[in-house]
Amino acid sequence: MAEAADFQGTSPSPARRWLRRSGALLAGAPLLAGLLQLPFSGPAQAAEKASVADAAGSGPVDINLDSLSPSTPTDGDTITVSGSVTNTSKQTVTDAHVGIRVGPSLNTRSAIDTVAKRTSFQPGLDALEVGGKYVAKVAKLAAGSSQRFSISVPVKDLDLGSDGVYPLGVSLTGRTTAQQWDQVLGIERTFLPWQPDAADTKTKTTYLWPLISTVHLTAKTGSDEQQTPVFKSDDLAKEISPGGRLDQLLSLGNQLDVTWVLDPDLLASVDAMRGGYRIQQENGTTIAGKNQAVANAWLDKLEKSVQGQNIVALPFADPDLASLAHHGKDVTGSLSHLKDATDVAAGTVETIVHVKPSTDFAWPVDGAVDPSIVNVATSAGADKVITRSDSLRETGGLPYTPSAARPIGGGTTAVVADERLSTAFQGDMMKADSSTLAVQKFLAQSLMINLQESDNERSIVVAPQRMPTASQAQSMAVALRALQQGNWSESQGLAEAAKAKPDPGATTKVPPTSSYPRALRNRELPRGAFERIQKTQSKLDKFQVILTHEARVVTPFGRAIDRGMSASWRGRTAEAAAFRKGVDRYLDELMGLVHLIEKSDAKLSGRSATIPVTVQNNLVQGVDHLVLRLTSKQPTRLKIGNGPYDERPIQVAGEHSQSVKFTTSTKANGPVQVDAQLYTEDGQPYGHKVSFEVKVTEITSTVMLVIGGGVLLLVLAGFRMYTQRKRAAARQTEEEPDNGPEAGGESKDSDGTVDTDTTEDSEAGPERASDPESGADDPEHPSDPTPDTAPESADPSGTGERVDR
């Protein structure tokens, strides 16, 4: 900068010349430090000098540091370093040995980061070998081959000084076919935390131990009394089985002083397995699950592990707070789902493991916050937000790491987890080398925090990844055991850390929305996810009001809706969309089990009739609070009841149907469209309407007159026949003697001949034959003949009139 300030063609001022020379001196300091060490290096001098040319590379030999024991040595200990060396070049390495290098103590946390990033040997920056007998000989290492090593060094021979973090390097020095002189061919670096005596003031450390999984349960349940749950797969059984991820997390956490962070959905899902469960297949069928004993064992172990421990319960299914804040809060009802998920959290945990958890903590993904996330996180009742130091960054220039608790306004406390410690085990911990390096770096950073302000007691929080793998959990446990056995830290619960006195100079300003990491934003749940959720909730609201046992439907679907907002869906967009769509589709299927039976077109003959409509309920529970409405689209031609439509309340038992008859009346001939529709009691349509056509064929006035005339003629003919019979009967009475037959109607002469009566009216004989009893002709007798057909009544016919369909 001084040189840039000089004007062209002028001599630099004395001050500028001094700045220029000082800059050059500082730039050459590392090289000078290396040169100053050369006279004292003995045999290592040539090796380190020869390695300068290779400083940009990592060297032809790869060194894996598989173990360093003990991780936090004290006076009298012997450190053992074990691992392997692998020749990654095409040349054979000869006359080699593995040695240990311990450099001067580091002063800052950033210095630890710098050392950890270096991959190649750098003379002057890397210390000299301890040497002597503390080396492992490697006579020959062919190209591509590996060899194990183990070196043990008493702590007293490392010449460690005061308490601090010391860089420890493990290097291989040897010769290659092309370069026949000693040189450093590879190096691996780690750290040696040195605190042999208990610190006067220890750092209070809170470590969150999360038991969280992905979504496993579907919205489907069996129709039996127990409502047998249906799982997406049997993957949860694998996680909780002996050796599984969740089983190892539980076993490891049981040995540590941690704060348990539980997702109530995980507990509810495992609990659902205990009484029997089914597994969904790709073809839509289900098969019985067989891991009830595994579920029982895991929950029993969890219940014993958390008794008397610090427990935090997240909202049910761990909803994605950032996605809600950025995409869901403007969708009606979305925030109410977060409130419901929070309300059921404590009850779920307490019911299953019989411990009352804290529910006033919110934990956004990776602890990243902005004002909208804080507002959403606290909207459901939480007043503490677990964030991270790479989100709520320090801007006050503090020379030390402040305590986690920060007041951020509105009665809300930000609990700021340390970013370096929280992300220490996010990599692949399957290799022993990776795990060892992560453990030692974690311990080094923790000790450095305590050394920064040795007289100032601080509360530090570690919030690791939400779902650590089994290998990550193992590495975390190794580091925590070493930390809790060390001399500079003591455990503390999250609730106590949140109550700790804040550092006055610590940052309390929540970063703006624009600073939210793009990488995290790209993995958020989209707005469409919350719109789908709200659509499903609206259907559920309509469905539940008609159910006689609504809890059988509301509870599983309510929890399924919560699962649709889970943070575990991040990075699985297609799978998440399929889950939410499946919940919505299954609800449609259930609602469709209460429906109207399709009806064919009908023919209505006459002025009035009844039209039956059938409601089918295929649910196992009854339905109520429904109204069936039948509507005529042309009420001037066909009336339903006394107007264009009529309604009847509906109540149908489970797996039954009910037919409802509506009275109709006609005014004119022709086809009429009729709609049948179910409604809830508040007037909301339910299900699909059923439409059919009614053909009205009313009898006209002319036809009625013709029929009436015919009936009149029949009456007159009957009256004439009646009078003729009366006259014939009178004549017969006058002609018969007093001592004639009592009931025969015939007489005999003395010679035995039969005299047959004759009448003047030819119709009299047949009429008497049809009714031989003399009293039958009495017009007042009840058996007098009546007309065969009465005149048509103008009144409406009864409800039993037939309607052709």
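Residues numbered from 1 in each chain as written. Predicted model: local features only at pLDDT ≥ 70, side-chain atom pairs only at ≥ 80, totals over all residues. Heavy atoms only, no water.

**Q** Where do I start with the sheet that holds strand E3 (residues 93–102) in this structure?
**A** Strands belonging to one sheet form pairs held by backbone hydrogen bonds; the direction of such a pair is parallel or antiparallel. Strand order in the open sheet made by the 4 strands is E4-E3-E6-E7, with antiparallel pairing throughout. Across the chains shown, the open sheet's two edge strands, defined by having one partner strand only, are strand E4 (135–141) and strand E7 (183–194). Strand-to-strand twist in this sheet, taken as the mean axis angle between neighbours without regard to direction, amounts to 15°. Summarising the sheet, strand E6 (residues 164–176) and E7 pair through 11 bridges and their orientation is antiparallel. Within E7, the residue paired with Val-170 across the bridge is Glu-188. (Pairing = 2+ DSSP bridges. Helix = DSSP H or I, 4+ residues; strand = E, 2+ residues; numbered from the N terminus. Axes fitted to C-alpha atoms, helices over the stretch in contact; angles between N-to-C directions.)

**Q** Would you mind going over the sheet that holds strand E2 (residues 78–87) with me for this structure?
**A** Read from one edge of the open sheet, 3 strands run E1-E2-E5, paired in antiparallel fashion. This sheet does not close on itself; its edge strands, each paired only once, are strand E1 (61–69) and strand E5 (146–154). Strand after strand, the sheet turns through a mean of 20° between neighbouring axes, direction not considered. Pairing analysis gives 8 bridges linking E1 to E2, with the strands arranged antiparallel. Its bridge partner lying in E2, Leu-65 is registered against Gly-83.

**Q** It is not clear to me how the packing of helix H14 (residues 432–452) against helix H15 (residues 470–485) should be interpreted in this structure. Could you clarify?
**A** For any two helices packed against each other, one specifies the crossing angle of their axes together with the interaxial distance. Relative orientation of the contacting elements H14 and H15 amounts to 35°, with a least axis distance of 9 Å. In this structure, H14 crosses over H15, and the sense of that crossing is right-handed. Residues Ser-435, Val-439, Phe-442, Leu-443 and Ser-446 of H14 form the contact with H15, whose participating residues are Ser-475, Val-478, Ala-479, Ala-482 and Leu-483. When the residues that make up the contact of H14 with H15 are grouped by side-chain class, the tally is 7 nonpolar, 3 polar and no charged. (Left-handed = near helix turned anticlockwise from the far one by under 90°. Contact = heavy atoms within 4.5 Å. Nonpolar A, V, L, I, M, F, W, Y, C, P; charged D, E, K, R; others polar.)

**Q** Looking at this model, I keep getting lost on the nonpolar core. Mind explaining?
**A** The nonpolar side chains of soluble globular proteins are, as a tendency, buried together. Within the largest apolar cluster, 76 residues are counted, with the highest numbers of intra-cluster contacts made by Phe-543, Phe-557, Leu-628, Leu-630 and Val-694. At 7 residues, the largest contribution of residues to this core is made by helix H20 (residues 573–592). Every residue in contact with Leu-630, bar those within four places of it in the chain, is listed here: Ile-611, Val-613, Ile-640, Pro-644, Tyr-645, Asp-646, Phe-662, Val-674, Asp-675, Ala-676 and Phe-692. Judged by nonpolar contacts, the second largest core, of 62 residues, contains Leu-250, Leu-262, Leu-302 and Phe-442. (Core = buried A, V, L, I, M, F, W, Y, C linked by side-chain atoms within 4.5 Å. Buried < 20%, exposed > 50% of the residue type's maximum accessible area, 1.4 Å probe, protein only.)

**Q** Help me understand H15 in this model?
**A** The periodicity of an α-helix, 3.6 residues per turn, causes residues three or four places apart in sequence to face the same way. With 16 residues, H15 extends 23 Å between its outermost C-alpha atoms, agreeing within 8% with the 22 Å of an ideal straight helix rising 1.5 Å per residue. Burial in H15 covers these residues: Ser-471, Gln-472, Ala-473, Ser-475, Met-476, Ala-477, Ala-479, Leu-480, Ala-482 and Leu-483. (Expected span 1.5 Å × (residues − 1).)

**Q** Would you take a moment to explain the environment of Leu-494 for this structure?
**A** With respect to the element layout, Leu-494 can be found in helix H16 (residues 494–499). Taking relative accessible area as the criterion, Leu-494 reaches 1% and is therefore assigned buried. With 288 residues separating them in the primary sequence, Leu-494 and Thr-206 have C-alpha atoms 6.0 Å apart. Those residues in contact with Leu-494, other than ones at most four positions away along the chain, are Thr-206, Leu-208, Thr-259, Val-312, Phe-361, Ile-386, Val-415 and Val-461.

**Q** Teacher, can you tell me more about the confidence of the model for the protein chain here?
**A** For any part of a model where pLDDT is low, the fine detail of the predicted coordinates should not be relied upon. Per-chain confidence: the protein chain averages 84 in pLDDT, with 81% of residues scoring 70 or above. Segment residues 1–57 is flagged for pLDDT under 50; beyond a separation of four residues in sequence, or across chains, it makes 39 contacts in the model. A low-confidence stretch, residues 737–805 stays under pLDDT 50, and its non-local contacts, those more than four residues away or across chains, total 51 contacts. (pLDDT = per-residue confidence, 0-100.)

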